[in-house]
Amino acid sequence: MAVLQAVVTGILVGGIYAAMAVGLSIIFGVLKIINVAHAAIALLCAYVAYTAFSVFGVDPVASLVLTLPAALLIGGAMFRFLIRPVLGRPPLLSLLLLFGFVNVLEGVMLLAWTADPRALTPSYSASSLQVGPVIFSTTRLLGFAASSVVVGGLAVFLRRSFLGRAIRATMEDPQAALLMGVNTVRVSMIAFVMGVGTAAVGGTVLGLVYVFYPALHFLWIGKLFCIVVLGGVGSVGGVLAGATVLGVAESLTATFFPAVWAELVAYVLLVLTLWIRPAGLFGRLA
Amino acid sequence: MRRPLLVTVGATVLAALLPLTESPIYLIHLLLVIAMYITLASAWNLLGGFTGYPSFGHGAFFGLGAYTTAILFRDFGLSPFLTAPVGGLVAAAFSAAIAYPTLRLREEYFAIATMSMGFILQVVARNWEFTGGGLGLYAQPPESYDIRTIKSLLYLAMLAVMLATLLVALWVRHSRLGFGLAAIRDGEEAAGTLGVPTVRLKMLALILSTFFPGTAGGLWAYYITYIDAEAVFEPSISINVILMSILGGAGTVLGPVLGATLLVVLSEVIEITITGAVKLVMFGAILMAVVLYLPGGLLSWTGRRAG
């Protein structure tokens, strides 16, 4: 029974991971850039939601009205000032720039909210739903639902819309896409801003389910890397599969071993995948 | 290479005379930290600058060395002056063990893999009983010495490690190894087809690049007398080391020395006068500014190439 509960929890958590990882994966797929600031931006959104909730009593989900545009704005500014100057140059440059940006974000969060752990605690945060022997916590269900909307929406957008097709074309072969009349720089910008936008949803959900503090982004970015590498770059289905594998693996680890070792699962999976199959378990060979 | 060699040795000897004077302990502390970061940044540069494999987890090797001496002290009471090189060996052995699968990876995956390695070690150190878990480890100097003597001795040892690192960097730069590494950086496949033994050279660069941080970490554990996973496996160490190297000028011998000195002094000033959070913001801003506006580092700006 413990296993069933662990699997259910793992799937719910995996869904939550997917919302953030899908943005990272699209950015990596289109721009060949690893947005190491992804988790830090999500965390910033969680903090904004925290202030909106604790000072003005705004429900964390409703505060997306505020955090989503904020994240899109941050994404746009990042693209303009950090990404565009190094587009198509060695990946080291964008990595260093984004690490610099991460430092700034973490410092700002420390100054604004201190290093003390925070949590979003709306009235429903402690409630849960019991189906037979399995318990579903309300915040996790809510997070899973929000993530499903984001991931599902993105999947449909990428598959059906003209812009989505242009994004996928740029992912597959930027040269060919350019020759077919796709403005690849603009597509890159849209993909980047959209990807960063998913961090807002991810951050709100993160804040609802977990206790958070400024340095937490390091732990989360590791999970996201792991999912993207497991799932293969730029594939929504791959991200879903990778996120579920990670969520269930962590949850099972925490069931059978001291919970602290669950933190290790993402990194170990990540390193092993890179060593054994750098194209990702579910990805096509690039 | 005669002149840089003389300057390096001369400056180190001069710095080594400091404890003989009536200098305040704080000055010794500051110079020890500078010497340590020069070691870390120069060692990172062997792999990241000369070879073009930027490690994002070099702090891990520093931490491995620190934990090695602290554990050898706890279990066998061995002095850090003996065990610091063992710390370096452990770090180098660990890097050699992960080298084969890791050095094959493309640049961005190499960065992620090295970064993850640092996190794995941090989580293990924080939770494993053998490494003291969350309680950390103590490495206390014998009480028969006074603080000044102990600090001075560790300072001299750190200077020795720094000198060794710089001499290796100077040697690498002017040897066949250095030309081979530069060839790998500028085009690994081409270098391979021209008969450069790329795998062997990369391994050698990695081992040299991790041995010295491990040794420095071994001394550091004893210097601060208490270590835990947050203190020596902090991810910011790895990022700061990269920043120091590229601020001065990656791929040169003088660059990391310059960058480390500047940033350690700046960091001390900020931490004393303002707060650590502001330091994060400033270092982040400097990192972005260097990459965007001064990608060759300060040395390229002054137009000089040393070493």
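About the criteria used
- What you see as residue numbers is a count from 1 along each chain, following the sequence as written.
- Here chains are named by letter from A upward and ligands by number from 1 upward, in the order in which they appear as written.
- It should be noted that, the model being predicted, local features are given only for residues of pLDDT at least 70 and side-chain atom pairs only at 80 or more, the latter also being counted only at that level, while totals for whole chains, interfaces and linings use all residues.
- In this text, helices come from DSSP runs of H or I with a minimum length of four residues, and strands from runs of E with a minimum of two, each type numbered from the N-terminal end.
- Two things to know: the radius of gyration comes from C-alpha atoms, and the globule rule equals 2.2 Å times the number of residues to the power 0.38.
- Counting other C-beta atoms within 10 Å of a residue's C-beta gives its exposure: the residue is buried at 20 or more, exposed at 12 or fewer, and partly exposed in between, where C-beta atoms are placed from the backbone.
- By the convention adopted here, residues are in contact when the distance between their C-beta atoms, placed from the backbone, does not exceed 7 Å.
- Any residue outside Ala, Val, Leu, Ile, Met, Phe, Trp, Tyr, Cys, Pro, Asp, Glu, Lys and Arg is labelled polar, Gly included; the first ten of those are nonpolar and the last four are charged.
- In this analysis, the expected span of each helix is defined as 1.5 Å times one less than the number of residues it contains.
- All axes here are fitted lines through C-alpha atoms, helices being fitted over the stretch that makes contact, and every angle between N-to-C directions spans 0 to 180 degrees.
- In these notes the angle categories are as follows: under 35 degrees is roughly parallel, over 145 is roughly antiparallel, 65 to 115 is roughly perpendicular, and the rest is oblique.
- A crossing counts as left-handed when the near helix is turned anticlockwise from the far one by less than a right angle, and as right-handed when that turn is clockwise.
- Following DSSP output, two strands are said to pair if at least two bridges run between them.

Chemist: Give me the lowdown on the overall build of chain A, citing residues and values where you can.
Modeler: What chain A contains, in helices and strands, is eleven helices and two strands. A globule of 286 residues ought to have a C-alpha radius of gyration of about 19 Å, and chain A, at 18 Å, matches this closely. Principal axes of the C-alpha set define a box for chain A whose edges measure 55 × 40 × 35 Å. Classification of the 286 residues of chain A by burial places 55% in the buried group. Within chain A, counting contacts between residues at least 6 apart in sequence, those at least 24 apart form 76% of the total.

Chemist: Describe in detail the overall build of chain B, supporting the description with residues and values.
Modeler: Across its full length, chain B holds 14 helices and two strands. Over its C-alpha trace chain B gives a radius of gyration of 19 Å, about what one expects of a compact globule, namely 19 Å for 307 residues. A principal-axis box enclosing the C-alpha atoms of chain B has dimensions of 60 × 40 × 35 Å. For chain B, the residues scored as buried account for 51% of the 307 residues in total.

Chemist: Describe the environment of Thr253 of chain A, listing the residues and the values that go with them.
Modeler: Residues and elements named next belong to chain A. When you line up the elements, Thr253 lands in helix α10 (residues 236-256). Accessibility expressed as a C-beta count within 10 Å gives 20 for Thr253, which makes it buried. Taking C-alpha positions, Thr253 is 9.5 Å from Leu264, a pair spaced eleven residues apart along the chain. With near-sequence residues (within four places) excluded, Thr253 lies in contact with Trp261, Ala262 and Val265.

Chemist: Run through the interface of chain A and chain B, naming residues and quoting values.
Modeler: In this assembly, 35 residues from chain A lie in contact with 29 residues from chain B. Mapped by element, the contributors of at least two residues to the side of chain A that touches chain B are α4 (91-113), α9 (217-231) and α11 (262-276) of chain A. Per element, the largest residue contribution to the side of chain A that touches chain B is 17 residues, and it comes from α4 of chain A. Residues that form the side of chain A that touches chain B fall into these classes: 29 nonpolar, four polar and two charged.

Chemist: Can you lay out helix α9 (residues 198-224) of chain B for me, pointing to particular residues and giving the numbers?
Modeler: Residues and elements named next belong to chain B. Taking 1.5 Å per residue, 27 residues should reach 39 Å; α9 reaches 39 Å between its end C-alpha atoms and fits that length. With 21 of its 27 residues buried, α9 lies for the most part within the structure. Two residues or fewer past α9, Thr225 is found with a positive phi of approximately 65°.

Chemist: So what's going on with the packing of α9 of chain A against α10 of chain A? Residues and values would help.
Modeler: Residues and elements named next belong to chain A. Packing of α9 against α10 leaves a shortest axis separation of 7 Å and a crossing angle of 125°. One element, α9, and the other, α10, form an angle in the oblique class. The element α9 and its partner α10 pack so that their crossing is right-handed. For the pair formed by α9 and α10, the contact residues are Lys223, Cys226, Ile227, Val228, Leu230 and Gly231 on the first element and Gly238, Val239, Ala241, Gly242, Ala243, Val245 and Leu246 on the second. For the contact of α9 with α10, the class distribution of residues is nine nonpolar, three polar and one charged.

Chemist: Before we move on, could you go through the pairing of strand β2 (residues 134-137) of chain A and cite the residues and values that matter?
Modeler: Residues and elements named next belong to chain A. Relative to β2, strand β1 (residues 128-131) runs antiparallel, the two sharing four bridges. The partner of Gln130 across the bridge, within β2, is Ile135. Where β1 folds back on β2, the antiparallel hairpin that results is connected by two residues, among which Gly132 adopts a positive phi of roughly 60°.

Chemist: Any details on the packing of helix α5 (residues 138-160) of chain A against helix α8 (residues 184-209) of chain A? Residues and values, ideally.
Modeler: Residues and elements named next belong to chain A. Packing of α5 against α8 brings their axes to within 9 Å, and their N-to-C directions diverge by 170°. Here α5 is positioned roughly antiparallel relative to α8, judged by the angle of their axes. Residues Thr139, Arg140, Leu142, Gly143, Ala146, Ser147 and Val150 of α5 pack against Thr198, Val201, Val205, Leu208 and Val209 of α8. Taken together, the residues that form the contact of α5 with α8 break down as seven nonpolar, four polar and one charged.

Chemist: So what about unusual backbone geometry? Which residues, and what values?
Modeler: For Lys32 of chain A, which is not glycine, the phi dihedral falls at a positive 55°. Here Lys32 of chain A lies in the loop between α1 (2-31) and α2 (38-56). A positive phi angle is found at Thr225 of chain B, which is not glycine, with a value near 65°. Among the structural elements, Thr225 of chain B can be located in the loop between α9 and β2 (226-227).

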